[in-house]
Amino acid sequence: MRILGLDIGSRSVDAVWLEDGRIIDWAVADSGFDPGSAAALFVDRGAHDAIVSTGYGRHAARERFGGTAVTEITAYGVGASVLFPHASSVLDIGGQDTKVISLGPGGKVTDFEMNDKCAAGTGKFLEVMARALGFTLEEMAEQGIIAPTGVSISSMCTVFAESEVTGLVHRGEDRARIARGLHESIAKRTLSSLKRVNAQGPLVFAGGVAKNPAMVALIAEGFAGVVLVPEEAQTVGAFGAALSAVQGGPADGR
Amino acid sequence: MSDETVDYHPMWAELGLDLPTHDALLGAVGQLFGDAYLTQQNRPEGMGYLNFVMSEVHGLRIKELDDYRKSGGKVFGTFCLYVPEEIIRAAAGWCVGLCAGAEFAYDQVEQIMPRNTCSLIKSFMGFKLAKVCPYIESADLVIGETTCDCKKKAYELLGEMHNVFVMELPQMKRDVDMAMWRDEIRALMAKVEEVTGNTITAESLKAAIKEVNDKRRALQRIAATRAADPAPISGKDALLATQVAFYDDVPRFTQMMNALADELEARVAAGEGVAPKGAKRVLVTGTPMALPNWKLHDLIEKAGAVVVGEEMCTGSRYYQDLVSEDATTLDEMVSDIAEKYLDINCACFTPNQGRLEDVVRMAKALGADGVIDYSLQFCGLYEMESNAVEKAVRDAGFPVLKITTDYSMEDVGQLATRIEAFLEML
């Protein structure tokens, strides 16, 4: 039985095809303005017997393609704990939200926290700031690693932080130091969130932002345990969603 | 939502409502009600009465108030549980809750109060400023209370537009506070007697105590059936019953709720429920949910769980305690009323250990799988107390999800994810 796990996020649609618990294929597409159609391309390959959707588009996907839906929290918990059986916690920084998850035995979610209705500390935040600094995301991360110290950024709100960054640039502040400061501010916020759910190591850092080396370095530096980054960090949600069907997990069948 | 055969527009115009805006509001509330309530499966038949009340919430009920006032009766508007309905009824006054619970005319509200004020206060002021609440326009007197700093100041603003009488509620529950609170109740008696022109007697107060207790007893019966698995009534419907309790005619409401309770008890005996047996059960605690605020219950129940209790002012705090019916003199009755009302465990008190005990006791008694702690954003009291609630609930072995939100719908996607993930975790 082949299961298609779909993670329909704000920035990307990730797909994983699973057979007998093993990944046989995976793919990633931009969500664009019509994530449903992006997902349809994967569904239309017809290489699956069942679909489990996750991500903010999970309900729309379930209605359009059938199958079941599961939240990103559960999907990331399941996915991360299968990739790393000793994982005790998960950090997922996606395009528009950040989740921290504490795992119990067997990868069961015991506590979680999610940012609420703003983009503070998410992939979107980094994108906006890179634009304000005239960097690509990759350049900003590189600069963030190179700079020995960061400028302190006090705003967490994406809009306010953008003004703050513009102000710093106009004052002639070094862009690399600003880049580092931005990464540090997200790391600080994320680390306190991890503390609130009492996250223990090893921590699996997944989601699109886990591909950012500056963020990974800063989280690893500030977290008390081991930090593990999956090879395909972006597809952990889709993988977990597909697995949740196999495990007869909490995927809801409505 | 008005009855198609009766045009209430002349009555609304006479009350000074802004008719086009009011029509738009009724349309929005009607749609909200349809989406949240009429889509539910296996509802008890007794809910038909509450559907009807909702369809006439600005119609027939306002007509009743209007007729009563035209015959010389007086109507009192309240915003809070601490205002004793018994006192008002003992002077032949009618007590109604006032409109709040939906985001309305915030642009006007924000001209007179800070943007970061809680939704409840912004909402009631919005309804007043936009002239769309027929209850406040029917109220001869609005009785406020000093339950939080923002409300205190809001009543000053409201006082510029309406007759307002404010009761001073103590913040602690010591003997001196009780003595002060008894005096406040006596001051309310004097005010109500002045407005109605009627004298409160031991007989009339005794009868009012009995009548309001009977309303609470009916709601207690409904609440008790929710301990059954499957739950015989949805959390949304039970919440609606409590919300309507603030507005409806007391003896009629009591009779209809007892009939609903009969039906629910029969459903429990027959093992019938609104959600399948084994559906996840959630206790909700926190700030009141004024009509038509059904946002959280709707999200929880559309995710497949059932809300089995509300430890809130639109919930157990409204009906769990009765006023003693043993007193024979007016003084004793005032003391009994003071005692019962000071016993309500609102976050405006310090300390407020009683609320933590209530939450844990209810979670156990109702067989909850988890607890959702709900705070309105900028409600400093409940947001602050949330930490103690979380700890008490966790220590008792229940998972807890903390939600801070407002009346807007902009965060429903995020909230749905958090609630569904919480349910998957249980």
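Scroll up to find the structure.
Everything in this summary refers to the structure shown in the same document. (Residues numbered from 1 in each chain as written. Chains lettered and ligands numbered in written order. Predicted model: local features only at pLDDT ≥ 70, side-chain atom pairs only at ≥ 80, totals over all residues. Heavy atoms only, no water.)

Comments concerning the overall build of chain B
Heads up, the condition is: In this text, helices come from DSSP runs of H or I with a minimum length of four residues, and strands from runs of E with a minimum of two, each type numbered from the N-terminal end. C-alpha atoms define the radius of gyration, and 2.2 Å times the number of residues to the power 0.38 defines the globule rule. Two residues form a contact once any of their heavy atoms are found within 4.5 Å. Per-residue and other accessible areas were derived by the Shrake-Rupley procedure at a 1.4 Å probe size, with only the shown protein chains allowed to occlude residues.
Within chain B, the secondary structure is distributed over 19 helices and eight strands. Here the C-alpha atoms of chain B give a radius of gyration of 21 Å, agreeing with the 22 Å that 2.2 N^0.38 yields for 426 residues. The dimensions of chain B, computed from C-alpha atoms along their principal axes, are 55 × 50 × 45 Å. Put simply, of all contacts in chain B between residues at least 6 apart along the chain, 77% involve residues at least 24 apart. Looking at chain B as shown, the accessible area adds up to about 15,700 Å², and 52% of this sits on carbon and sulfur atoms.

Let's talk about the packing of helix α17 (residues 353–365) of chain B against helix α18 (residues 380–395) of chain B
Residue and element names in this part refer to chain B. Filter applied, for reference: Inter-axis angles, ranging from 0 to 180 degrees, are taken between N-to-C directions of lines fitted to C-alpha atoms, where helices are fitted over the stretch in contact. Relative orientations are named as follows: roughly parallel for angles under 35 degrees, roughly antiparallel for angles over 145 degrees, roughly perpendicular for angles from 65 to 115 degrees, and oblique for any other angle. Each crossing is labelled by how the near helix is turned from the far one, with a counterclockwise turn of less than a right angle marking it left-handed and a clockwise turn marking it right-handed. Under the scheme applied here, ten amino acids are nonpolar (Ala, Val, Leu, Ile, Met, Phe, Trp, Tyr, Cys and Pro), four are charged (Asp, Glu, Lys and Arg), and all others, including Gly, are polar.
Between α17 and α18, the shortest axis-to-axis distance is 10 Å and the interhelical angle comes to 50 degrees. When the axis of α17 is compared with that of α18, the two are oblique. The two elements α17 and α18 meet at a crossing, and its hand is right-handed. Contacts from Arg-355, Leu-356, Val-359 and Val-360 of α17 reach α18 at Tyr-382, Glu-385, Ala-388, Val-389, Ala-392 and Val-393. Considered class by class, the residues forming the contact of α17 with α18 number eight nonpolar, no polar and two charged.

Side note on the pairing of strand β5 (residues 281–286) of chain B
Residues and elements named next belong to chain B. What counts here: Only protein chains enter the accessibility calculation, which uses a 1.4 Å probe; a residue is then buried when its area is under 20% of its type maximum, exposed when over 50%, and partly exposed in between. Strands qualify as paired when DSSP identifies two bridges or more between them.
Extensive coverage of β5 is indicated by the burial of six of its six residues. Neither face of β5 is left uncovered, since the one carrying Arg-281, Leu-283 and Thr-285 and the one carrying Val-282, Val-284 and Gly-286 both have all their residues buried. Of the strand pairs in this sheet, β5 and strand β6 (residues 306–311) are connected by five bridges, and their pairing is parallel. Paired with Leu-283 across the bridge in β6 is Gly-309. Sheet topology note: the β5/strand β7 (residues 370–376) ladder contains five bridges and is parallel. Counted as the bridge partner of Val-282 is Gly-370 from β7.

Brief notes about the interface of chain B and chain A
To keep it simple, the criterion reads: Reported buried area values correspond to the accessible surface (1.4 Å probe) lost by two parts on association, with both partners' losses combined. The term salt bridge refers to a pairing of a side-chain nitrogen on Lys or Arg with a carboxyl oxygen on Asp or Glu at a separation within 4 Å. The term polar contact refers here to a pair of N or O atoms within 3.5 Å; inside protein, the definition further demands a hydrogen-donor-capable atom paired with an acceptor-capable atom, and it admits residues adjacent in sequence only when both atoms are side-chain atoms.
Between chain B and chain A, the residue contacts involve 20 residues of the former and 20 residues of the latter. Taking both sides of the interface into account, the surface hidden between chain B and chain A amounts to around 1,600 Å²; carbon and sulfur atoms contribute 48%. The three residues of chain B that bury the most area against chain A are Gln-414, Glu-424 and Met-425 of chain B, which together make up 40% of that side's buried surface. Arg-58 of chain A is the salt-bridge partner of Glu-420 of chain B, the closest N and O atoms lying 2.7 Å from each other. Where chain B packs against chain A, one counts seven residue pairs in polar contact (both at pLDDT 80 or more).

Notes on helix α6 (residues 158–170) of chain A
We apply this condition: A helix is expected to span 1.5 Å multiplied by its residue count minus one.
When the terminal C-alpha atoms of α6 of chain A are compared, their 18 Å separation across 13 residues agrees well with the 18 Å that a helix rising 1.5 Å per residue should span. Summarising the contacts, the buried residues of α6 of chain A are in contact with α4 (123–133) and α7 (175–196) of chain A.

Remarks on the nonpolar core
Spelled out, the test is: Working definition of a nonpolar core: buried Ala, Val, Leu, Ile, Met, Phe, Trp, Tyr and Cys residues. They are joined through side-chain atoms within 4.5 Å.
Counting 150 residues, the largest nonpolar core has Tyr-135, Leu-240 and Met-257 of chain B as the members making the most contacts within it. Element by element, the count of residues in this core is highest for helix α11 (residues 202–225) of chain B, at eight residues. With 36 residues, the next largest nonpolar core counts Met-140, Leu-182, Ala-199 and Phe-223 of chain A among its residues.

Examining a nonpolar patch on the surface
Formally: Surface patches are defined over residues having more than 30% relative accessible area and no salt bridge, joining like charges when they lie within 9 Å and nonpolar side chains (Val, Leu, Ile, Met, Phe, Trp, Tyr) when within 5 Å.
A contiguous nonpolar patch, built from Ile-23, Trp-26 and Val-28 of chain A and spanning about 250 Å² of accessible area, is present on the exposed surface. Its location among the elements puts Trp-26 of chain A in strand β3 (residues 22–30).

Considering the sheet that holds strand β6 (residues 89–93) of chain A
All names here are of chain A. Here we have five strands laid out as an open sheet, ordered β8-β7-β6-β9-β10, and mixed in their pairing. Of all the strands in the sheet, the pair left with one neighbour each is β8 (109–114) and β10 (227–228). Examined bridge by bridge, strand β9 (residues 203–206) and β10 share two bridges and lie parallel to one another. Within the sheet, the bridge partner assigned to Leu-203 lies in β10 and is Val-227.

Here we look at the environment of Ile-153 of chain A
All names here are of chain A. Its place among the elements puts Ile-153 in the loop between α5 (137–146) and α6. Residues Ile-153 and Arg-175 lie 22 residues apart in sequence; the distance between their C-alpha atoms is 13 Å. Residues in contact with Ile-153, not counting those within four places in the same chain, are Glu-164, Val-165, Leu-168, Ile-178, Gly-181, Leu-182 and Ser-185.

Examining the pairing of strand β4 (residues 50–54) of chain A
Residue and element names in this part refer to chain A. Quick reminder of the rule: By convention, orient the strands away from the viewer: a clockwise path from the first strand over the helix to the second makes the crossover right-handed.
Most of β4 is tucked away, with four of its five residues classed as buried. In this structure, β4 lies alongside strand β5 (residues 68–69), joined through two bridges in parallel fashion. Note on β5: the bridge partner recorded for Val-52 is Thr-68. As for the winding sense of the linkage, the β-α-β connection from β4 through helix α2 (residues 58–65) to β5 is right-handed.

Thoughts on unusual backbone geometry
The residue after Gly-201 of chain A, namely Pro-202 of chain A, is reached through a cis peptide bond having omega -5 degrees. Its location among the elements puts Pro-202 of chain A in the loop between α7 and β9. Note the cis peptide between Leu-291 of chain B and Pro-292 of chain B, where omega equals 0 degrees. Its identity is not glycine, yet Asn-198 of chain A carries a phi of approximately 60 degrees, on the positive side. Turning to its location among the elements, Asn-198 of chain A is positioned in the loop between α7 and β9.

Topic: the packing of α4 of chain A against α6 of chain A
All names here are of chain A. Contact pair α4 / α6: the axes reach a minimum separation of 10 Å and the direction vectors enclose 25 degrees. The pairing of α4 with α6 is recorded here as roughly parallel in orientation. Every pair of crossing elements has a handedness; the one defined by α4 and α6 is right-handed. From α4, Phe-125, Val-128, Met-129, Ala-132 and Leu-133 reach across to α6, where they touch Thr-158, Ala-161, Glu-162, Val-165 and Val-169. When grouped by side-chain class, the residues that make up the contact of α4 with α6 number eight nonpolar, one polar and one charged.

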